[in-house]
Amino acid sequence: MLLLNAAHPHRGKRERLRIGLAIAGGGPIGAMWELGALRAIEDSIVGLDLAALDVYVGVSSGSFLAAALANGISTAEMTRIFLTGESADIPFRPEDFMRPAVLEYVRHAATLPRAFLEWLWTAARNPFDTRLSDVLLRMGSLLPTGVFDNDSVEGFLRRVLSMEGRTNDFRKLRRKLYVVAVELDSGKAVRFGSPGLDHVPISRAVEASAALPGLYPPVKIGGRWYVDGALARTLHASAAFDEGVSLVLGVNPLVPFDADLAQAAGRKIPDTLARGGLPGVLSQTFRTLLTSRMQTGLSKYAHNYPRADMVLVEPHADDVELFFTNIFSYAQRVRIAELAFRTTRADLLARAEELSPLLARHGLALDARRLAEPRTLRSSLPIYAGASRPAAKLAEALDDLDDALRQRRMRGARPRRPRRSRAASP
């Protein structure tokens, strides 16, 4: 789904056109959806190099992609790192992102005896004034602040950005990069990469921005604690607009699921999201809150930055597979990225008449011929030097077969029994 905010007509000499990219969060699966969408955008727009823009803004899991692009790591290279496994230089192991936060568990478990004795002392002094809610509140402080260890996440990105030709220092980047996190004790959004906060290593800033409460512990930087940047706003595109860009490309992987639309399209879904239990309810609630903020932000962008254009890419509200995929299921990352690639290409083609003049103002153009061709995420990649052309073609064919089978399952279609030819009849 494409949302367009076109600039108001204005007169006068325009400065050099500058382009920014703002990438929201959405967990590991959301990041893979964004990667597929970004690959489709770059593959379909002539003159666009997403690794050579002027400003990058990353929030939560989107900050991984923003930091990589700001370092010149292309969408094709990231696809090989995270999806196809063809990158020999950067081995990616999903388990590194899912390690239990053992030290966090131990640290909180060590406080259990003292907390229990304090509660006993309080109960003994005031036996008739001890309420269950007080007990639960006291015991709640003993729970770990995160399930998974984000130090391994920071370590992976640090290794990637320490390679030759890249940097883990905001100040040494040739392009502007902002990584947004929220200061836990004040609730304020901060932009790592801005003056006064640009000394923080990029990998550390990304770790803080992606510290989703409950899943990853808060990150301590300079004596302060930081958590997921999406808690303040969804996209933070204003950081790019404030740099004076004329066009902001935005990607947001989280929208509320619309069951009515899905049913009208003939997709098989539960009769209510409540049957999915707490995860389904929380996911829909979180998506709805983020979308409400997004809509508010878009209206403010149009008002506060009337001379700038914006193109926002989002999933469709009836996307059953994206909604019902576990956001931490790395096994589904290839399929979700492929889904985003094809959906984004279809949306670009459908909105070509509106989009073309907007892009033309920035020296860009839609490649209508390429958009009209059948194309997959894998076929959009330049031929990898380490893989033969037949192997690449085989992998692409397998991707197409897998996608066709998935579409059949989603429609609930039964495989047809093969007809017997007349020649075979008795």
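Procedures and definitions
- Residues numbered from 1 in each chain as written.
- Predicted model: local features only at pLDDT ≥ 70, side-chain atom pairs only at ≥ 80, totals over all residues.
- Heavy atoms only, no water.
- Buried < 20%, exposed > 50% of the residue type's maximum accessible area, 1.4 Å probe, protein only.
- Helix = DSSP H or I, 4+ residues; strand = E, 2+ residues; numbered from the N terminus.
- Contact = heavy atoms within 4.5 Å.
- Phe/Tyr/Trp six-rings, centres within 6.5 Å; stacked < 30°, edge-to-face > 60°.

Per an unreviewed UniProt entry, the chain goes by Patatin and derives from Mizugakiibacter sediminis.

Enquirer: What should I look at first to understand helix α3 (residues 75-84) in this one?
Expert: Spacing of three or four residues puts side chains on the same side of an α-helix, whose turn is 3.6 residues. In terms of burial, α3 is a largely internal element, eight of the ten residues being buried. The set of residues buried in α3 consists of Thr 75, Ala 76, Met 78, Thr 79, Arg 80, Ile 81, Phe 82 and Leu 83. Those residues of α3 that are buried are in contact with α1 (27-44), α2 (62-70), α7 (151-161) and α13 (333-350). Just beyond α3, the residue with positive phi is Gly 85, at close to 70 degrees.

Enquirer: In this structure, what is going on with the packing of aromatic side chains? I would like to understand it.
Expert: How two aromatic rings sit relative to each other is given by the distance of their centres and the angle of their planes. All chains considered together, the criterion is met by five aromatic pairs. A centroid spacing of 5.3 Å and a plane angle of 45 degrees characterise the contact between Phe 241 and Tyr 301, whose relative ring orientation is tilted. Of this pair, Phe 241 sits in helix α9 (residues 238-241) while Tyr 301 is found in helix α11 (residues 277-304), placing the two residues 60 residues apart along the sequence. The class for Tyr 301 is buried, based on a relative accessible area of 9%. With centroids separated by 4.7 Å and ring planes inclined at 15 degrees, the aromatic side chains of Phe 241 and Tyr 305 adopt a geometry described as stacked. With Phe 241 in helix α9 and Tyr 305 in the loop between α11 and β10 (309-313), this residue pair connects regions lying 64 residues apart in the sequence. The class of Phe 241 is buried, set by a relative accessible area of 6%.

Enquirer: Looking at this structure, I do not really get the environment of Gly 47. What am I missing?
Expert: With respect to the helices and strands, Gly 47 occurs in the loop between β3 (45-46) and β4 (55-59). Remark: the alpha-carbon pair of Gly 47 and Ala 365, spanning 318 residues in sequence, is separated by 7.0 Å.

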